[in-house]
Amino acid sequence: MSEKKGYLDMELLRFTTAGSVDDGKSTLIGRLLYDSKAIFEDQMELLEETSKQRGEEGVNLALLTDGLRSEREQGITIDVAYRYFATPKRKFIIADTPGHIQYTRNMVTGASTANLALLLVDARHGIIEQTKRHAFIASLLQIPHIAVCINKMDLVDYNQEEFDKIKSDFESFSSKLEIKDIHFIPISALNGDNVVDRSKNMDWYEGSTLMHLLENIHIGSDQNHVDCRFPIQFVVRPQSKEYPDYRGYAGRIEGGVFKPGDNVTVLPSGFTSKIKSIDTFDGMVEEAFSPMSVCMTLVDNIDISRGDMLVRENNKPKVEQDIDVMICWMNEKKMIPKGKYTIRHTSQTARCIVKEIKYKMDINTLHRMEDEKEIGLNDIGRITIRTTKPLFFDSYRRNRNTGSIILVDEATNETVAAGMVI
Amino acid sequence: MSSYNLTHLMELESEAIFILREVAAQFEKPVMLFSGGKDSIIMFHLARKAFHPGKVPFPLMHVDTGHNFPETIEFRDRLIKETGETLIVKYVQDSIDKGTAVEEIGINASRNGLQTVTLLEGLEQGKYDCALGGARRDEEKARAKERFFSHRDEFGQWDPKNQRPEIWNLFNGKKKMGEHFRIFPISNWTEMDVWQYILHEKLELPSLYFSHKRDVVIRSGVLLGKCNYIQLKDSEQWVEKNVRCRTIGDMTCTGVTESNAVTLEEIIEEVATTKVTERGGRADDKRSEAAMEDRKKEGYF
Ligand SMILES: Nc1nc2c(ncn2[C@@H]2O[C@H](COP(=O)(O)OP(=O)(O)OP(=O)(O)O)[C@@H](O)[C@H]2O)c(=O)[nH]1
Ligand SMILES: [Mg+2]
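Residues numbered from 1 in each chain as written. Chains lettered and ligands numbered in written order. Predicted model: local features only at pLDDT ≥ 70, side-chain atom pairs only at ≥ 80, totals over all residues. Heavy atoms only, no water.

### Description of the site of ligand 1
All names here are of chain A.
- Around ligand 1, 19 residues are found, and the nearest of them are Lys-25, Thr-27, Thr-77, Gly-99 and Asp-154.
- Note that an oxygen atom of ligand 1 is positioned 2.7 Å from one of the side-chain N or O atoms of Thr-77.
- In the model, an oxygen atom of ligand 1 is placed 2.9 Å from a nitrogen or oxygen of the Ala-189 main chain.
- If ligand 1 stood free it would expose 650 Å²; the protein chains cover 84% of that surface.
- With three residues, helix 2 (residues 25-35) is the single largest residue contributor to the shell around ligand 1.
- Tallied by class, residues from the shell around ligand 1 come to six nonpolar, eight polar and five charged. (Near = heavy atom within 4 Å. Polar contact = N/O pair within 3.5 Å; in protein donor to acceptor, adjacent residues only side chain to side chain. Areas by Shrake-Rupley, 256 points an atom, 1.4 Å probe, with all protein chains shown as cover. Helix = DSSP H or I, 4+ residues; strand = E, 2+ residues; numbered from the N terminus. Nonpolar A, V, L, I, M, F, W, Y, C, P; charged D, E, K, R; others polar.)

Printed below as a string of structure tokens:
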């Protein structure tokens, strides 16, 4: 029984891999799973068989996540693979992302929900542009922890000087970034040094192994429990015999704590009312906080629909049509200055126009290139958009859920950009 | 403030409910695929939670190969009756009779692959623009690559090399006429999460999931239960064993596992210590290295 309780109480850490192509991300995830005995027998047999067929020496652990036919053919990761495992201490959701610049959007996909990033560096090549791009994206996404794994130490004779040099190179770059917590670990993903087991080849390293770090790093909640935000997703109107007049507002709490009896303001109408009940399938609850999915009823009968938001009178988000965002562009088609896009934000959908391109980032130097007005695939820049109707938002830094947007191309319907409200 | 923490299981539940509501809001005519297996049962339960006290705003659809375990069908029909929700059944046999699907022949013949034809026909007939499924990323290496909102072209095909980015929880369900989406709200659940949730929610399951006596034949390492659709080779024979299902699918390709677990607690114990994956007993996955990816590209789940 106590074990069951243990499972339900277990902490969850979501982490992502990052770093340039071939730096060993997938191999590291394979090694992590292998050394922590999280690979099943039939999976292992398949890996051995496939590795042999491909004429490789030993077992290619990267095949554990590189599961698509074309990934195996090309020996690279193309899209994110999600893997799950648990140790007695924690439960983990891993996103193994591609390093190739062409697939940066898939890296962003995997990293957008992570609490920690494993940033791999090939010890022979050091910090290169793609390492910097991924580190920058991780900082923009506000991933609180980064573990810089300096990999392939076996190919540099496990030399401490190589490690120290890369570490200080990274530090001088990252001092310009906003990353709360950085760790450096010398590893060999191929041989398992400092992954789960301590390396016998690097006595000079006194820090923890990667696994120890993953199991022990402090993870606070990344939810905002201060600013009350409840975007309406769906209006529940049963119109049944049992519930003839029920009108509930279904959604997920994206910030703060709500209780029955609380006064709330409805955006955009500005009407005020009081929460009558917070309902779930399992009964009414006394309070609801992010990220709970609930259904609320109000004491007054007012017109509320999808896209509206319930907030507190004295703590409102910004309600504006001109919005400054940092964007990662993710489409082959360049951003069109003054172009029109569909914008998705919480449960809102609107149209917007790119009013101004303020600058594009130089990934290598982190300089703002204010004369560069062209934003294309994999570029990061700051823009101002104007929306067709007011959005209710906070800065991304204050609340990930109400400070993030995507842009959708109206001709192809593709998601072309991820944006963080400044 | 630290008291405001959801357990990971409740976080998964909330994520799934959020996605179900997005589906109801973003699509015109969704449908939920329902096989009577444990993942379907959880999906259905989550859908009832998401729209409570209203009804589930979309029907369920079962693609029936005609080779189901009878226990699954009994369970399915009872659940629908008790909850008053709507179920549509599409028969692979109808596609075969029409000539759009061709029955496989030979000793390992299965109707599993033919499901895709019937499924796509069913979606087209009902003009459904989105099909909800209970596939999970931990099941299989191609599924590990799937988005929550998975875009399909007008032929129902998946293009794994060119998936839409899916950032945070901002789901983009926009599509052209004729295209549709497959949506997987429980993508992030593991087999263990599923069992823990079933226990937590006290969900009822078909008896097949619990240990029972059954005649089986062992074929390429997979234990197949006795039924009219499996022919024995000369060298094979039925033997009685204590078994249970870890997944439920077509009888011709769903392996059972030897087990004495008769309660949920015992099953959880077993899942915690097992050395083979859940689909390790699925003959349909064993056909080739990329069997699942290939089927998915054609429009399978
Ligand atoms: N010698 C040595 N080789 C390694 C090590 N880690 C990875 N490799 C090799 O580096 C190559 C690339 O490894 P992957 O794990 O596929 O690299 P990746 O970072 O996942 O690459 P992408 O996902 O395509 O960006 C493979 O041939 C690995 O065997 C290591 O620690 N030492
Ligand atoms: Mg890789």
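### Considering the nonpolar core
- Counting 78 residues, the largest nonpolar core has Phe-15, Leu-28, Leu-118, Phe-136, Ile-150, Leu-214 and Ile-380 of chain A as its most contacted members.
- Considering every element that reaches this core, the biggest residue donor is strand 4 (residues 116-122) of chain A, with six residues.
- Dropping the residues within four chain positions of it, Leu-214 of chain A is found in contact with Leu-13, Phe-15, Leu-32, Arg-90, Phe-92, Leu-116 and Leu-118 of chain A.
- If you look at the next biggest cluster of nonpolar residues, it comprises 72 residues, including Cys-295 of chain A together with Ala-16, Leu-223 and Cys-227 of chain B. (Core = buried A, V, L, I, M, F, W, Y, C linked by side-chain atoms within 4.5 Å. Buried < 20%, exposed > 50% of the residue type's maximum accessible area, 1.4 Å probe, protein only. Contact = heavy atoms within 4.5 Å.)

### Focus: the pairing of strand 6 (residues 181-186) of chain A
Residues and elements named next belong to chain A.
- In the sheet, strand 5 (residues 145-151) pairs with strand 6 via six bridges, with the strands oriented parallel. Looking across to strand 6, one finds that Cys-149 is bridged to Ile-185.
- Once the chain exits strand 5 it traverses helix 7 (residues 160-174) before rejoining the sheet at strand 6, and the crossover so formed is right-handed. (Pairing = 2+ DSSP bridges. Right-handed = clockwise from strand over helix to strand, strands pointing away.)

### Observations regarding the packing of helix 1 (residues 8-26) of chain B against helix 2 (residues 38-51) of chain B
All names here are of chain B.
- Two elements in contact, helix 1 and helix 2, have axes whose closest approach is 9 Å; the angle formed by their N-to-C orientations is 70°. The angle between helix 1 and helix 2 places the two elements in the roughly perpendicular class. Here Glu-13, Ala-16, Ile-17, Leu-20, Arg-21 and Ala-24 of helix 1 come into contact with helix 2, specifically with Leu-46, Ala-47, Lys-49, Ala-50 and Phe-51.
- Split into classes, the residues belonging to the contact of helix 1 with helix 2 amount to eight nonpolar, no polar and three charged. (Axes fitted to C-alpha atoms, helices over the stretch in contact; angles between N-to-C directions. Parallel < 35°, antiparallel > 145°, perpendicular 65-115°, else oblique.)

### Concerning the domain arrangement of chain B
All names here are of chain B.
- For chain B, the domain assignment lists domain 1 (2-192 + 290-298) and domain 2 (207-286).
- On a C-alpha basis, the centroid separation for the pair domain 1 and domain 2 is 24 Å.
- Listed as interface residues are 26 residues of domain 1 and, on the opposing side, 27 residues of domain 2.
- In total, about 2200 Å² of surface goes out of reach between domain 1 and domain 2, with carbon and sulfur atoms giving 54% of it.
- Summed over the shared surface of domain 1 and domain 2, the number is two salt bridges.
- One salt bridge connects Glu-191 with Arg-246, and the closest N-O pair in it is separated by 2.8 Å.
- Looking at the side of domain 1 that touches domain 2, the elements with two or more residues in it are helix 2, helix 3 (70-83), helix 6 (191-201) and helix 8 (291-298).
- Taken together, the residues that form the side of domain 1 that touches domain 2 break down as seven nonpolar, nine polar and ten charged. (Domains from an automatic or database assignment. Buried area = accessible area lost by both parts, 1.4 Å probe. Salt bridge = Lys/Arg side-chain N within 4 Å of Asp/Glu carboxyl O.)

### Points about the packing of aromatic side chains
- Summed over the entire model, instances satisfying the criterion amount to 22 aromatic pairs over all chains.
- With a centroid separation of 5.0 Å and an interplanar angle of 50°, the aromatic rings of Phe-289 of chain A and Tyr-4 of chain B are classed as tilted. Of this pair, Phe-289 of chain A sits in strand 14 (residues 288-289) while Tyr-4 of chain B sits in the segment before helix 1, on two different chains.
- Residue Tyr-4 of chain B is classed as buried on the basis of its relative accessible area, which comes to 17%.
- Each ring, one from Phe-51 of chain B and one from Phe-58 of chain B, has its centre 5.9 Å from the other, and the planes form 90°; the classification is edge-to-face.
- Taken together, Phe-18, Phe-27, Phe-148, Phe-149, Phe-171 and Phe-181 of chain B form an aromatic cluster joined through their ring pairs.
- Arg-137 of chain B extends its terminal NZ or CZ atom over the ring of Tyr-82 of chain A, reaching a point 3.8 Å from the ring centre.
- Cation over ring: Arg-137 of chain B sits above Phe-148 of chain B, and NZ or CZ is 4.8 Å from the ring centre. (Phe/Tyr/Trp six-rings, centres within 6.5 Å; stacked < 30°, edge-to-face > 60°. Lys NZ or Arg CZ within 6 Å of the ring centre and 35° of its normal.)

### Examining the sheet that holds strand 2 (residues 60-64) of chain B
All names here are of chain B.
- Taken in spatial order, the six strands make up an open sheet running 3-2-1-4-6-5, and their pairing is mixed. Either end of the sheet is taken by a strand with one partner, and the two such strands are strand 3 (87-91) and strand 5 (149-152). For this sheet, the mean angle separating the axes of adjacent strands, direction not counted, is 30°.
- Pairing of strand 1 (residues 30-33) with strand 2, which is carried by two bridges, proceeds in the parallel orientation. Opposite Met-32, over in strand 2, you have Leu-60 as the bridge partner.
- Contacting strand 1, strand 2 and strand 4 (130-132), helix 2 runs over the sheet at an angle of about 140° to strand 1.
- Relative to strand 2, helix 3 is tilted by about 165°, and along the sheet it contacts strand 2 and strand 3.

### A word on the sheet that holds strand 8 (residues 222-225) of chain B
Residue and element names in this part refer to chain B.
- If you trace the four strands once around the closed barrel, you get 7-8-10-9, paired in antiparallel fashion. On average, each strand axis in the sheet is inclined to that of its neighbour by 70°, with strand direction left out of account.
- Bridge count for strand 9 (residues 239-245) against strand 10 (residues 255-258) is three bridges, and the pairing is antiparallel. Along strand 10, the bridge assignment pairs Arg-244 with Thr-257.

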